[in-house]
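An overview of the molecular structure
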Amino acid sequence: MGELADPITVSVVQHRLQAIVEEMGEAMLRTSYSQILNSSRDFSTAVLDPDGRLIAQAEHVPIHVGALPWAVRAVRDAFGDTVRPGDVYLLNDPYHGNNHLPDLTAFVPVFAGPRHLFWSVNRSHQSDIGGATHGAYNPGATEIWQEGVRIPPLKLYDRGQVREDVLQMIATNVRHPRDFRGDLAAMIGSAHVGERRMLALLAEYGEALALAAVEGVLDGAERQARACIGAWKDGVYRGEAIIDDDGHGAEDIRIRAAVTKRGSDLTVDLSDSDPQVTGFINSSYPNMRAAVCMALAYLMDPETPKNDGAFRPLTVIARPGTVVWANPPAPVTLCTNHCAQEIMEAVIKALSRACPWRAMAGWGRRFRIAISGEDPRTGRLFIWHMFQARPGGGASSAGDGWPTVGEWQAAGGIKFGSLEVTEVRFPLFFRRHEFRPGSGGDGQYRGGPGASMQLLVEIARPAQANTAGDGVRHGACGLFGGADGLPHRYVLRSKGRPDRVLKTKEVGIPIHPGDVIHVESGGGGGWGAPRRRRPAARAADLDNGFVTDDGSRRGPGKSGRRAPAKRKRAEAQSDGGARGRSSAALPPGLKN
């Protein structure tokens, strides 16, 4: 029998692990080159064991981390016992354990003497990954080879020595090799931070006690998760979510979840989801598994560590050839947003009848723009990803949804960063960036509002844009009688040309000097019947500009570059209110 760790040691190691993955993230934030990483924070860090068990993750982008076990197992299966100290491995292929091609993953092994004990991992979304269009998303793709360079499990460093020919081959296949090399160096440096800190942990506690404490952390998370699930009502529950389209003619694509809850066990069956489609909304298998894990994570206690132990109660059933588990060579690049968000929505809708006090209404969907052009101030080419004008979050029994928090699958982990810094880095000027009145779904608790933005593109030569997203037909879903949030509406305005309403899946959109992009992003869904909303809350919504004077769910918002001070106060109050109210009591009229 191996060494046992006492509860205090287990708790200390749990918090130490959390500090390690958070420090890895700070190193990445401060050393990466691209805006998508050092401002928008579209990366994640984690520690796993050699068999792919998730030991610890930082609170970055949940859809990234939930898929990492399959990535680690792909590297393990490819390299087996040939892994050595000083090695660094890369992977981005969704048919070899990854989510989608833009999420490049770096793996650094952690050895104690001759024993390989852990992987220190950094997964980061690249500004460009090659392929037919700039910016790592290709709405026109009908097969994965059109989406970017594919990297199966690959050794980049061999015992500390870089394989320069391999690095050169990858960098040659992306549009901005200098930034790519800088971002990759930051990823590897971040993973090495994790390696050093894990070695220090092993040295301090000794290998046997440290490993015993890790097992204690995982077992403790399982106990907490099972205690939470065990309090829900047993039964078989069904939920459905709808994707607008795939960009190639398929519309109203449905994802269906049948969830069986027995005791402290959950089985999620996605087999009845629609067949895979032509466009890039299909999901890879690891991405689908990550989305189901996210749904469960959002229903559990926030204090429960989200590691391998927490997900042991979960069994997932799916069918190859469906939109949630596509067969190669289907394109899948949008899947980390859509259909991941719809997988989560279907599961949470299903379980809302088992634990209504824990279930959230839907969050706004992703609608991204990437512009590629020449900066007239420097003559250099640029690729800009729009992370501004985020949609609103869904409401819950705890309170109103957060304003402009972003999409569900990122859970607020991706930021839009400073407008001023963006204007310094890119030929852009934000004429307006504020809340979109009336965009959040009405309810006992209101969905978070989206944003209204006017963006002037200050270029001297024509540029090109593409879009990737969803949510112009179907807004974020309301729950328990709450209203849906408003859908997105994006309009491109060019002098002397008719206004153009942008679709969510377009390639090769011409951007002319002086064009203005008007963005109205969707709001979150409401929770509970609107008649139960307190009059004081409605008065505050009106005073803070979350709704228009006539109570309409539409309106351009007040002019001005930023939200007035009272709106900023409202955002802080909404945050504090959602955290401060108890989520334990079931509101009247919702008891089964």
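As a convention, each chain's residues are numbered from 1 in the sequence order in which they are written. Only residues with pLDDT of at least 70 get local features here, since the model is predicted, and only at 80 or more are side-chain atom pairs given and counted; chain-wide, interface and lining totals rely on the full set of residues. Heavy atoms throughout the structure, all of them, feed into the side-chain values; hydrogens and water do not.

**Digging into the overall build of the protein**
Elements are defined by DSSP. Helices are runs of H or I of four residues or more, strands are runs of E of two residues or more, and each kind is numbered from the N terminus. Counting its regular elements, the protein contains twelve helices and 20 strands. With the radius of gyration taken over C-alpha atoms, the globule rule is written as 2.2 Å times the number of residues to the power 0.38. For 592 residues, the compact-globule estimate of 2.2 N^0.38 gives 25 Å, and the protein sits close to it at 23 Å. In terms of principal-axis extent, the alpha carbons of the protein reach across some 70 × 60 × 45 Å. It only takes one pair of heavy atoms within 4.5 Å for two residues to be counted as in contact. Once local pairs closer than 6 in sequence are excluded, the contacts in the protein between residues at least 24 apart make up 75%. For the protein, the accessible area works out to roughly 21,700 Å², and carbon and sulfur atoms hold 51% of it. Charge-centre separation for the protein: the mean point of 71 positive side chains lies 5 Å from the mean point of 65 negative side chains. With residues, only the protein chains shown are counted as cover, and all accessible areas are computed by Shrake-Rupley using a 1.4 Å probe. Charge counting treats Lys and Arg as positive and Asp and Glu as negative, with His and both chain ends excluded. Think of each charge as sitting on NZ of Lys, CZ of Arg, CG of Asp or CD of Glu.

**Considering the nonpolar core**
Only buried residues count toward a nonpolar core, which is a set of Ala, Val, Leu, Ile, Met, Phe, Trp, Tyr and Cys residues joined through side-chain atoms within 4.5 Å. Only protein chains enter the area calculation, which uses a 1.4 Å probe; residues under 20% of their type maximum are buried, those over 50% are exposed, and those in between are partly exposed. Leu184, Trp232, Leu270 and Ile343 are the most contacted members of the largest nonpolar core, which totals 95 residues. Sort the elements by how many residues they give to this core and helix α8 (residues 285–299) lands first, with ten residues. In this structure, Leu184 is in contact with Leu90, Leu104, Leu156 and Leu167, ignoring residues within four places of it in sequence.

**Overview of the packing of aromatic side chains**
When the centres of two rings from Phe, Tyr and Trp lie within 6.5 Å, Trp using its six-membered ring, the rings pair. Their planes under 30 degrees apart give stacked, over 60 give edge-to-face, and anything left gives tilted. Summed over the entire model, instances satisfying the criterion amount to eleven aromatic pairs. Arranged with centres 6.1 Å apart and planes meeting at 80°, the rings of Trp70 and Tyr285 form a pair that is edge-to-face. Residue Trp70 is found in helix α4 (residues 68–79), and its partner Tyr285 is found in helix α8; the two are separated by 215 residues along the sequence. Classification of Tyr285 by relative accessible area gives partly exposed; the value is 24%. Summarising the aromatic geometry, the rings of Phe480 and Trp527 are spaced 5.3 Å apart at their centres and angled 75° between planes, so their arrangement reads as edge-to-face. Of this pair, Phe480 sits in the loop between β16 (463–469) and β17 (489–493) while Trp527 sits in the loop between β20 (516–520) and α11 (535–543), and the two are 47 residues apart along the sequence.

**Quick look at the side chain of Arg390**
Mapped onto the elements, Arg390 comes out in the loop between β13 (381–385) and α10 (419–425). Not counting the four nearest positions on each side in its chain, Arg390 is found in contact with Arg366, Thr404, Val405, Gly406, Glu407, Ile414, Phe416, Gly450, Ala451 and Ser521.

**Regarding the sheet that holds strand β3 (residues 88–91)**
Two strands pair under a simple rule: DSSP has to find at least two bridges between them. Pairing is antiparallel in the open sheet, where seven strands are placed in the order β2-β1-β5-β4-β3-β6-β7. Only two strands of the sheet have a single partner each, and these edge strands are β2 (54–57) and β7 (161–162). Where strand β4 (residues 103–112) lies against strand β5 (residues 115–125), ten bridges are found, and the strand directions are antiparallel. Note on β5: the bridge partner recorded for Val110 is Phe118.

**A short note on the packing of α8 against helix α9 (residues 340–351)**
Across the interface, α8 lies against α9 with an axial gap of 8 Å and an inter-helix angle of 40°. Relative to α9, α8 is oriented oblique. Seen along the crossing, α8 lies across α9 with a hand that is right-handed. Across the interface between the two elements, Asn287, Met288, Ala291, Val292, Met294, Ala295, Tyr298 and Leu299 of α8 pack against Ala340, Ile343, Met344, Val347, Ile348 and Leu351 of α9. Per-class residue counts for the contact of α8 with α9 are 13 nonpolar, one polar and no charged. Convention adopted: a line fitted to C-alpha atoms gives each axis, helices being fitted over their contacting stretch, and angles between N-to-C directions are expressed from 0 to 180 degrees. Here is the rule for angles: anything less than 35 degrees is roughly parallel, anything more than 145 is roughly antiparallel, 65 through 115 is roughly perpendicular, and the remaining ranges are oblique. Working rule for handedness: look at the near helix, and if it is turned counterclockwise from the far one by less than a right angle, call the crossing left-handed; if clockwise, right-handed. Residue polarity is assigned by list, with Asp, Glu, Lys and Arg as charged and Ala, Val, Leu, Ile, Met, Phe, Trp, Tyr, Cys and Pro as nonpolar; anything else, Gly included, falls into the polar class.

**Some thoughts on the environment of Val323**
Assignment of secondary structure puts Val323 in the loop between β11 (314–317) and α9. Setting aside chain neighbours within four positions, we find Val323 in contact with Ile253, Arg254, Ile255, Ser273, Asp274, Pro275, Gln276, Ile281, Asn282, Ser283 and Cys339.

**Overview of the sheet that holds β20**
Strand pairing in a sheet is mediated by backbone hydrogen bonds. Such pairs are either parallel or antiparallel. Read across the open sheet, the five strands follow the order β14-β15-β20-β17-β18; overall the sheet is antiparallel. At either margin of the open sheet sits one strand with a lone partner, and together these are β14 (428–435) and β18 (500–501).

**Let's talk about the packing of helix α1 (residues 7–31) against helix α6 (residues 177–205)**
At a minimum axis distance of 8 Å, the contact between α1 and α6 shows a crossing angle of 160°. On the basis of the axis angle, α1 is roughly antiparallel to α6. Our pair here, α1 against α6, has a crossing hand that is right-handed.

**Digging into the environment of Val110**
Relative to the helices and strands, Val110 is located in strand β4. Note on Val110: relative accessible area 0%, which makes it buried. In sequence terms Val110 and Leu201 are 91 residues apart; their C-alpha atoms lie 11 Å from each other. Ignoring anything within four residues of it in the chain, the contact list for Val110 reads Arg115, His116, Leu117, Phe118, Ser120, Glu195, Met198, Leu199 and Leu202.

**Topic: the pairing of strand β10 (residues 265–269)**
It is a general feature of regular strands that their side chains alternate between the two faces of the sheet. Burial along β10 is one-sided: the face carrying Leu266 and Val268 is buried and the face carrying Asp265, Thr267 and Asp269 is not. Here strand β9 (residues 251–262) runs beside β10; their pairing, made up of five bridges, is antiparallel. Looking at β10, one finds that Thr260 is bridged to Thr267. Between β9 and β10, which follow one another and run antiparallel, lie two residues, and Gly263 among them has a positive phi close to 60°. For the crossover from β10 across α8 to β11, the handedness is right-handed. By definition, the crossover connecting two strands over a helix is right-handed if that path, from the first strand to the second, turns clockwise as seen with the strands pointing away from the viewer.

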